[in-house]
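# Architecture at a glance
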Amino acid sequence: MSEDEVISDKKKPSFKHLGILRQAISKAHTGNIRYETVENEEIKMNMLLGNLLSDSMTVNGLKNFLTFPCIGCKFTVECAEVNSDDVAFNVDNTLNIQCSGDDSQEAAAPPIVLTRVLNTIHWEDEVLIQLKESFSQLPPVDVKMVPMHHYGYNDTLTYLTLYQASLKDKGFTLANFFDERPSYISLEQQVKVLVLGYCLDLIKPKAATKKTQKKNSRRLGIVNRILNKIREI
Amino acid sequence: MAKDITKILVTGPFAAGKTTLIRFVSSEQLLSKDVKATDGLARFKAMTTVGLDFGILHVDETLDVHLFGTPGQSRFNFMWKVLSRGALGTIFLVDSSSQRAIDEGKKMYQYYRNKADTPIIIGATHRDKEGAHDLDTLADELGAENANIIPCDPREKEDSKTLVLALLQEVIESEVGGEQEEWVDDFELM
């Protein structure tokens, strides 16, 4: 059993806890996320191979998790040896789970639970501003394109806007994204796609991408030169 | 010094915007022969490309990108294989408002997906027209469920650039995709 944990300043609750969800999804962890709300209520969400389960406790917990800043949060791996072959989705989108000895960490499904919850939540203005400021402070990022229309997320246009903006600017930051918000997209729509992209690890710091690319230098060097040229046209 | 030359393919069924896209991203356009459409396509499009579109993007003194556009009619399919050989990747454009183009596009898309071992990005054009399919439906009809589809209007220069940039990003990801990605712990929200 292992644990990842973030603790915020009790006087200033934060959205640091989204990092725990991001890590659990990206690393296809199985276990549960427990977090403490500002009202000192402890809430638990269950995950299997990086997918949030669709039980009501998890769904309600996720709504709260995404909507409000919190004080403390930890992820506990309870059953690390679940094989995706042992996972089956029922008709009602719940999961059948059997633990086995295989250590495969393959993800079982697109993040439907996360996108469904994101489709429905709203933030108070004050919280929106807090999220905007948090995202604005992140270093330059790369944004990854995925077929979002299959994830059940209902605002692919805003995600595409983010993706396109990131492609065109080598030093793209999320502060740029907010600064260049078109009139037909609201701040809340922008924040939602950032929460989605951040939690799914589709938004990555540029430095991390560059480190990986160094290993394939010649061909990637050519591609990067073309990228820079196209940006200048 | 010898120049490196690399190739990008722009393909898709008729009237999708291939010629326009190549025009926008090329430093010089060398070949493009538009003739009056005379077959069943004439009621969809007055002029159509025969032969091929060809443009060159001069990246710098040592690198050129050759952009090849395939003719959109299936009777020219003998050219698909020749043109796709050695390409960095393929931009696949399809008129998302035309059922006929989508049906034609399905065969072409399946060909490129199965035969060409390079990344493909799909550009869904004519989004402003009545009857344009949503991206989910378009993906299903093309048999491209896991592909990235970007809505675009190749008449807009920025949209044309976006498609090429998106393709190049796919190329990068396909190159580094098999490796363990760097995990950055301090990428945290405050």
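Since the model is a prediction, treat every value here as computed from it, not as a measurement. (Residues numbered from 1 in each chain as written. Chains lettered and ligands numbered in written order. Predicted model: local features only at pLDDT ≥ 70, side-chain atom pairs only at ≥ 80, totals over all residues. Heavy atoms only, no water.)

### Focus on the overall build of chain B
Each helix and strand in chain B was counted, giving 5 helices and 7 strands. In chain B, the succession of helices and strands from N to C terminus is β-α-β-β-β-α-β-α-β-α-β-α. Scored against the burial criterion, the 190 residues of chain B give a buried share of 54%. Considering only contacts in chain B between residues 6 or more positions apart, those separated by 24 or more positions represent 73%. For chain B, the computed accessible surface area is about 8,500 Å², with 49% contributed by carbon and sulfur atoms. (Helix = DSSP H or I, 4+ residues; strand = E, 2+ residues; numbered from the N terminus. Buried < 20%, exposed > 50% of the residue type's maximum accessible area, 1.4 Å probe, protein only. Contact = heavy atoms within 4.5 Å. Areas by Shrake-Rupley, 256 points an atom, 1.4 Å probe, with all protein chains shown as cover.)

### Considerations on the interface of chain B and chain A
The interface is formed by 48 residues belonging to chain B together with 50 residues belonging to chain A. Buried area between chain B and chain A, summed over both chains or domains, comes out near 4,800 Å², and the portion from carbon and sulfur atoms is 64%. For the pair chain B and chain A, the number of links is 2 salt bridges. The salt bridge involving B:Asp60 is made with A:Arg225; its shortest N-O contact spans 3.0 Å. At the boundary of chain B and chain A, one finds 9 residue pairs in polar contact (both at pLDDT 80 or more). (Buried area = accessible area lost by both parts, 1.4 Å probe. Salt bridge = Lys/Arg side-chain N within 4 Å of Asp/Glu carboxyl O. Polar contact = N/O pair within 3.5 Å; in protein donor to acceptor, adjacent residues only side chain to side chain.)

### Quick notes on helix H4 (residues 135-142) of chain B
Residue and element names in this part refer to chain B. Of the residues making up H4, those classed as buried are Leu135, Leu138, Ala139 and Leu142. When H4 is viewed along its axis, its buried side chains cluster within an angular range of 100° and face the same direction. In the core, the buried residues of H4 are packed alongside strand E5 (89-95), helix H3 (99-115), strand E6 (120-125) and strand E7 (149-151). By the N-cap criterion, in which a side-chain oxygen at the helix start approaches the backbone nitrogen of a residue two or three places on, H4 is capped by aspartate 134, the distance to aspartate 136 being 3.2 Å. (Arc of directions from axis to C-beta.)

### Quick look at helix H5 (residues 157-176) of chain B
Look at H5(B): 29 Å from first C-alpha to last across 20 residues, which is about the 28 Å you get at 1.5 Å a residue. Most of H5(B) is tucked away: 14 of the 20 residues are buried. (Expected span 1.5 Å × (residues − 1).)

### Focus: the nonpolar core
Ranked by size, the top nonpolar core spans 91 residues in total, and within it A:Leu21, A:Leu66 and A:Leu114 carry the most contacts. Broken down by element, the residue count for this core peaks at 9 residues, all from H5(B). Not counting chain neighbours up to four residues away, the residues in contact with A:Leu66 comprise A:Phe15, A:Leu18, A:Leu21, A:Leu114, A:Val117, A:Leu118, A:Ile121, A:Trp123 and A:Val195. Membership of the second largest hydrophobic core comes to 26 residues, among which are B:Trp80, B:Leu83, B:Ala87 and B:Ile149. (Core = buried A, V, L, I, M, F, W, Y, C linked by side-chain atoms within 4.5 Å.)

### Some details on the pattern of salt bridges
Going through the model one piece at a time under the given rule, you end up with 10 salt bridges over all chains. Among the ionic pairs, B:Asp128 bridges to B:Arg155, the shortest N-O distance being 3.7 Å. Of this pair, B:Asp128 sits in the loop between E6 and H4 while B:Arg155 sits in the loop between E7 and H5, placing them 27 residues apart in sequence. Classification of B:Asp128 as exposed rests on a relative accessible area of 62%. Through salt bridges with shared partners, one network takes in A:Arg22, A:Asp201 and A:Lys204.

### Side note on the confidence of the model for chain A
With 77% of its residues at a pLDDT of at least 70, chain A reaches an overall mean of 80. Residue range residues 80-108 of chain A is modelled with pLDDT below 50. Its contacts to residues more than four positions away, or to other chains, number 58 contacts. (pLDDT = per-residue confidence, 0-100.)

### Focus on empty space enclosed by the protein
Counted under the stated rule, the structure contains 3 cavities of 30 Å³ or more. In this structure, the second largest cavity spans a volume of roughly 50 Å³. As for the second largest cavity, its lining consists of A:Met145, A:Val146, A:Met148, A:His149, A:Thr156, A:Tyr159, A:Leu160, B:Leu135 and B:Ile149. With 3 residues, helix H5 (residues 156-168) of chain A is the largest single contributor of residues to the lining of the second largest cavity. A breakdown of the residues in the lining of the second largest cavity according to their chemical character gives 7 nonpolar, 2 polar and no charged. (1 Å grid on protein atoms, 1.4 Å probe; cavity = no way out; pocket = protein on both sides within 12 Å on 5 of 7 lines; lining within 4 Å. Points joined across faces, edges and corners; volume = space filled by probe spheres on them. Nonpolar A, V, L, I, M, F, W, Y, C, P; charged D, E, K, R; others polar.)

### Points about the packing of aromatic side chains
Applying the stated criterion across every chain, the model contains 7 aromatic pairs over all chains. With a centroid separation of 6.0 Å and 80° between ring planes, the pair formed by A:Phe135 and A:Tyr198 is classed as edge-to-face. Residue A:Phe135 is located in helix H4 (residues 125-136), and its partner A:Tyr198 is located in helix H7 (residues 187-199); the two are separated by 63 residues in the primary sequence. Like A:Phe135, the residue A:Tyr198 is buried in the burial classification. Taken together, the ring pairs in this structure connect A:Phe135, A:Tyr198 and B:Phe187 into an aromatic cluster. Geometry around A:Tyr198 places A:Arg22 over its ring, the cationic atom sitting 5.1 Å from the centre. A cation over a ring is seen here: B:Lys7 above B:Phe68, with NZ or CZ 5.4 Å from the ring centre. (Phe/Tyr/Trp six-rings, centres within 6.5 Å; stacked < 30°, edge-to-face > 60°. Lys NZ or Arg CZ within 6 Å of the ring centre and 35° of its normal.)

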